[in-house]
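Survey of secondary and tertiary structure
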Amino acid sequence: MIVAKFGGSSLADSTQFVKVKDVVNSDTRRRYIIPSAPGKRNSKDHKITDLLYMCYQLASHGLNFDEVYAIIEERYKDICNELNLSLQIDKTLNEIKDKIKNGASRDYSASRGEYLNAIILSNYLGFEFIDAAELIVFDKKGNFDSETTEKKVQLRLSEVSYGVIPGFYGAKENGEIVTFSRGGSDITGSIITSGVDGELYENWTDVSGFLMADPRIVKNPKPIEIITYKELRELSYMGAPVLHEEAIFPVKKAGIPINIKNTNFPEDPGTMIVNDHTPISSGNITGISGKKDFTVISIEKTLLNSETGILRKLISVFETNDISIEHVPTGIDSISVVVSNSELNSKMNKVIEEIRIYCNPDSISCYPNMALIAVVGRGMIKAKGVSAKVFSALGNSGVNVRMITQGSSELNIIIGIENDDFDKAMTAIYEVFEND
Ligand code: ADP
Ligand code: MG
């Protein structure tokens, strides 16, 4: 059996619902469907989840949120009317509004986007609706409880032939709703797939798979046919939002592949995400992704590599200041620490001062406003040619490379450049690899 998750853009309006129904009905193995909340219909539109957060914010300040809620109501009602559903969604919409007005929690408010969409979709498909609050369990502290969840999913879904389960949230034992972080419907889909021991987890979105680069930056990047979980994690962590970072764990543990597919072009093969695969061909890569707004702090000291404990001292400065470190590229006479600007915020001067005292370096340099680009490919580090190609591409387009380091695994190199060069660098790197 197949579990299929549909993202917000795949369910933004009634036209998209029609496409989703076609997809679901084209293979009877698709038995459990996980919808997100309706996303944007165009670039000026709002995601329903954002509107719900807004309602919650207004309500929690004792302000009137009627106008914002009216937009939400209209969107759901339009979907129901345009699909000619006999479903009475008004009553549910009113109940939710009352609850938000009377102090419902942030998580409860935010989760209603998926809840409503799942009710509508189940009605439209003729599938059973199962509330995620019955299946996805969080403990008292609000942490996801995978063991209890697995048992509940197995037990409850064994009696459901065809079902729709809202993504993004679950509940504590006392019924209190808890959401995952944004994009968390991907996690719900993965949990359900592993719970029912599915053969495949399909993740339907608005692009034809995981692309070699971010399509919002690079023009028409090619889809990646096959990618390993590890490569995908590197790319996701470094900024590609296609699949939530934590979504791979449940299916990976169960050895179930993921297929990223395009709701608008269901014939496209999309991307298969698998546990293991033959290395990519020499001089080639799987994909690139990147993030802006990092600071690199480098210390230089003669014979630094023979001084024991210096790395530990340096890292402990960041630890005691509660700053998490992204990378630690080291050279013979230098060590750098890469942190995101949001982690560092106002602690910069204090950190530099403490490094001076504890590490006693010859010099300290600081590069704010850096971007990091991850070039990822299994077996890539061992094969020659990748870094040479990356550097000549960057050189030819006039991008200064401030830092280069091999990532934590054998499958990526991380390049540090100026924020302002980000788009240019991504495009230049993509173009040297696109035709391989
Ligand atoms: P959904 O609403 O279906 O969950 P998301 O918005 O979370 O979809 O993720 C899909 C979007 O991710 C695409 O529309 C695209 O703009 C963006 N994206 C960024 N990097 C990549 C990439 N490398 N491959 C594909 N899409 C990417
Ligand atoms: Mg998403």
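Residues numbered from 1 in each chain as written. Chains lettered and ligands numbered in written order. Predicted model: local features only at pLDDT ≥ 70, side-chain atom pairs only at ≥ 80, totals over all residues.

Around ligand 1, a shell composed of 20 residues is seen, among which G7, T205, L211, D214 and A240 lie nearest. Considered class by class, the residues forming the shell around ligand 1 number eight nonpolar, nine polar and three charged. (Near = placed C-beta within 6 Å. Nonpolar A, V, L, I, M, F, W, Y, C, P; charged D, E, K, R; others polar.)

The assigned domain composition of the protein is domain 1 (2-274) and domain 2 (287-433). Computed from C-alpha coordinates alone, the two centres of domain 1 and domain 2 are separated by 35 Å. Counting residues at the interface gives 15 residues for domain 1, matched by 17 residues for domain 2. Class assignment for the residues of the side of domain 1 that touches domain 2 results in nine nonpolar, two polar and four charged. (Domains from an automatic or database assignment. Contact = placed C-beta atoms within 7 Å.)

It is worth spelling out the packing of helix α10 (residues 310-320) against helix α12 (residues 348-359) at this point. Where α10 meets α12, the axes come as close as 9 Å, and the angle between the chain directions of the two elements is 155 degrees. In terms of orientation, α10 and α12 fall into the roughly antiparallel class. Considering how the two elements wind past one another, α10 and α12 form a crossing that is right-handed. Between α10 and α12, the residues in contact are I310, K313, L314, V317 and F318 and V351, E354, I355, Y358 and C359, respectively. (Axes fitted to C-alpha atoms, helices over the stretch in contact; angles between N-to-C directions. Helix = DSSP H or I, 4+ residues; strand = E, 2+ residues; numbered from the N terminus. Parallel < 35°, antiparallel > 145°, perpendicular 65-115°, else oblique. Left-handed = near helix turned anticlockwise from the far one by under 90°.)

Within the secondary structure, N419 sits in the loop between β16 (412-418) and α14 (422-433). With 47 residues separating them along the chain, N419 and L372 place their C-alpha atoms 8.5 Å apart. Here N419 is in contact with K292, D293, N369, M370 and A371, once residues within four sequence places are set aside.

Moving on to helix α4 (residues 89-101). Along its 13 residues, α4 runs 19 Å from first to last C-alpha, staying within 8% of the 18 Å computed at 1.5 Å per residue. If you check which residues of α4 are buried, you get I96, K97 and I100. Buried residues of α4 fall within an arc of 100 degrees about the axis and therefore sit on the same side. The outward face of α4, more than 90 degrees from its buried face, is lined by the exposed residues K91, N94, E95 and D98. Residues of α4 that are buried make contact with α2 (48-60), α3 (66-82) and α5 (106-125). In the stretch just after α4, G103 is the one whose phi turns positive, near 90 degrees. (Expected span 1.5 Å × (residues − 1). Buried ≥ 20, exposed ≤ 12 C-beta atoms within 10 Å, placed from the backbone. Arc of directions from axis to C-beta.)

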